[in-house]
Amino acid sequence: MKLELRNIEKSFGEKQVLKGITLEAEGGKAFGLLGRNGAGKTTTIRILMNVFGSDGGEILFDGAPIDYRSVQFGYLPEERGLYPKKKIIDQLTYFAELKGMETAEAVKSIDYWLARLEMTEYRNKRLDTLSKGNQQKIQLITALAHDPQIIILDEPFSGLDPVNAMLLKDVVKEEIGRGKIVLFSSHQMSYIEEFCDSIAILNQGKVAIAGELNEIKRNYPRNRLVVRSQQKEQIMKELGAVCKDMESDAFMITLSSPEDKSNVIKRLAESYDIDEVKVFEPSLGDIFVEHAGENI
């Protein structure tokens with residue numbers, strides 16, 4: 001499966017919110033949609049899900065204009081939208097039926113997901129009797145029970161303790177393994193970095209940078225070395241301004257040219273007790289800060 005957004009534009013009144021968004025996501029992979037608040041993520045997601053239309057551009061699914069009658073979406077919103085006073089099984093069944101499932105089929109799927117997420121004991125409870133984390137898992141079932149081709153997860157790990165976060169990680173990996181298109185929107189960079197093969201960072205309604213995350217990292221200048229050594233202070237003092245302090249026993253050396261790597265590494269190894277030397281690659285957080293600023 002392949003999902004493409006081509007040159008999507010959207011204005012509200014005189015304010016243009018999206019200015020030609022072009023993205024591409026594939027089945028069996030996770031895609032991270034990032035940006036600061038107001039960058040256009042939510043508007044992009046709503047247009048993708050046909051909540052409202054765009055002013056220009058097109059959305060393709062497997063190379064053809066998307067048919068919302070046949071392509072199913074599963075959406076986990078950042079703001080929860082379930083009924084606190086209603087019995088869990090009743091409202092989960094209701095939402096699954098809204099997605100076109102027959103009642104018996106819906107209940108079977110819901111019971112599977114309740115068991116998978118270790119929530120069976122709450123099947124006949126009211127939602128407001130559950131913890132925030134368990135309510136999050138119930139909300140997730142509404143996104144998965146109808147077996148959608150495209151799954152959109154907006155801040156999916158919000159409110160989850162480490163054990164439940166690990167359970168959700170396993171579920172997401174299973175869905176990716178089944179060939180689903182999974183879109184993440186989150187400010188928790190560690191999760192995006194763990195799951196996503198490709199990313200797009202939006203800034204003021206434009207795509208600031210997009211592509212495979214590993215490729216984006218490799219395209220950064222490879223003229224910086226991260227060095228770990230118990231002789232950190234001595235080395236930094238002797239090398240001077242080319243060094244930048246990092247955490248613990250680590251520091252960074254900025255080279256005049258990437259071609260100097262071999263000579264510098266050899267000199268360090270011969271002169272000092274070095275525990276580790278590696279080429280610095282920016283984290284996703286570093287990339288986000290660079291590309292999600294006020295201006296692009």
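Shown above is the structure to which this text applies.
None of the values given here were measured: they were computed from a predicted structure.

Let's talk about the packing of aromatic side chains
- As enumerated under the stated definition, the model contains 8 aromatic pairs in all.
- Ring centres of Y68 and F73 lie 5.9 Å apart, and the angle between their planes is 25°; this geometry places the pair in the stacked category.
- Assessed through its relative accessible area of 27%, Y68 is described here as partly exposed.
- Here the aromatic cluster, defined as three or more aromatic residues joined through ring pairs, consists of F157, F184, Y191 and F195.

A short note on the sheet that holds strand β7 (residues 150-154)
- Here we have 6 strands laid out as an open sheet, ordered β6-β7-β8-β3-β9-β10, and mixed in their pairing. Each having just a single partner strand, β6 (73-76) and β10 (206-212) make up the two edges of the open sheet. The mean inter-strand angle of the sheet, taken between neighbouring strand axes irrespective of direction, is 15°.
- Both strand β3 (residues 29-35) and strand β8 (residues 181-185) contribute to a ladder of 4 bridges, which runs parallel. Paired with G32 across the two strands is F184, which belongs to β8.
- Its contacts with the sheet place helix α1 (residues 41-48) against β3, β6, β7, β8 and β9 (198-203), and it is angled at close to 135° to β3.

Section: the environment of A210
- Position of A210 among the secondary structure elements: in strand β10.
- By relative accessible area, A210 is classed as partly exposed at 43%.
- Along the primary structure A210 and E24 are separated by 186 residues, whereas in three dimensions their C-alpha atoms are 9.2 Å apart.
- Setting aside chain neighbours within four positions, we find A210 in contact with I199, A200 and I216.

Considerations on the layout of surface pockets
- One number sums up the size of the largest pocket: a volume of about 360 Å³.
- As for the largest pocket, its lining consists of 22 residues, and the residues nearest its centre are T42, R46, Y75, E78 and D154.
- If one sorts the elements of the lining of the largest pocket by residue count, α1 sits on top with 5 residues.
- Among the residues forming the lining of the largest pocket, the class breakdown is 7 nonpolar, 8 polar and 7 charged.
- Breaking the lining of the second largest pocket down by element, the ones donating at least two residues are β6, α2 (88-98) and α4 (132-144).

Re the nonpolar core
- The biggest cluster of nonpolar side chains holds 49 residues, and the ones touching the most others in it are I138 and F184.
- It is helix α5 (residues 162-177) that contributes the most residues to this core, 6 residues altogether.
- In this view, F184 contacts A30, F31, G32, L33, L153, P156, F157, V172, I192, F195 and C196; residues no more than four positions away in its chain are not counted.
- The next biggest cluster of nonpolar side chains, apart from the first, holds 26 residues, and it includes L3, I21, I59 and I152.

Details of the sheet that holds strand β5 (residues 64-65)
- Strand order across the open sheet formed by 4 strands is β2-β1-β4-β5, with antiparallel pairing between neighbours. Two strands in the sheet have a free side with no partner beyond their single neighbour: β2 (15-26) and β5.
- With 2 bridges joining them, strand β4 (residues 56-61) and β5 adopt antiparallel strand pairing. Bridging from a neighbouring strand, F61 pairs with A64 of β5.

Thoughts on the pattern of salt bridges
- Under the definition given, this model contains 23 salt bridges.
- A salt bridge links R228 to D249; its shortest N-O distance comes to 3.1 Å. Residue R228 is located in strand β11 (residues 224-229), and its partner D249 is located in the loop between β12 (243-245) and β13 (250-254); the two are separated by 21 residues in the primary sequence.
- Residue class for R228 comes out partly exposed when judged on its relative accessible area of 25%.
- Note on D249: relative accessible area 17%, which makes it buried.
- Salt bridges here are not isolated pairs; linked through shared partners, they connect D147, E175, R178 and K180.

What counts and how
Residues numbered from 1 in each chain as written. Predicted model: local features only at pLDDT ≥ 70, side-chain atom pairs only at ≥ 80, totals over all residues. Heavy atoms only, no water. Phe/Tyr/Trp six-rings, centres within 6.5 Å; stacked < 30°, edge-to-face > 60°. Buried < 20%, exposed > 50% of the residue type's maximum accessible area, 1.4 Å probe, protein only. Pairing = 2+ DSSP bridges. Helix = DSSP H or I, 4+ residues; strand = E, 2+ residues; numbered from the N terminus. Axes fitted to C-alpha atoms, helices over the stretch in contact; angles between N-to-C directions. Contact = heavy atoms within 4.5 Å. 1 Å grid on protein atoms, 1.4 Å probe; cavity = no way out; pocket = protein on both sides within 12 Å on 5 of 7 lines; lining within 4 Å. Points joined across faces, edges and corners; volume = space filled by probe spheres on them. Nonpolar A, V, L, I, M, F, W, Y, C, P; charged D, E, K, R; others polar. Core = buried A, V, L, I, M, F, W, Y, C linked by side-chain atoms within 4.5 Å. Salt bridge = Lys/Arg side-chain N within 4 Å of Asp/Glu carboxyl O.

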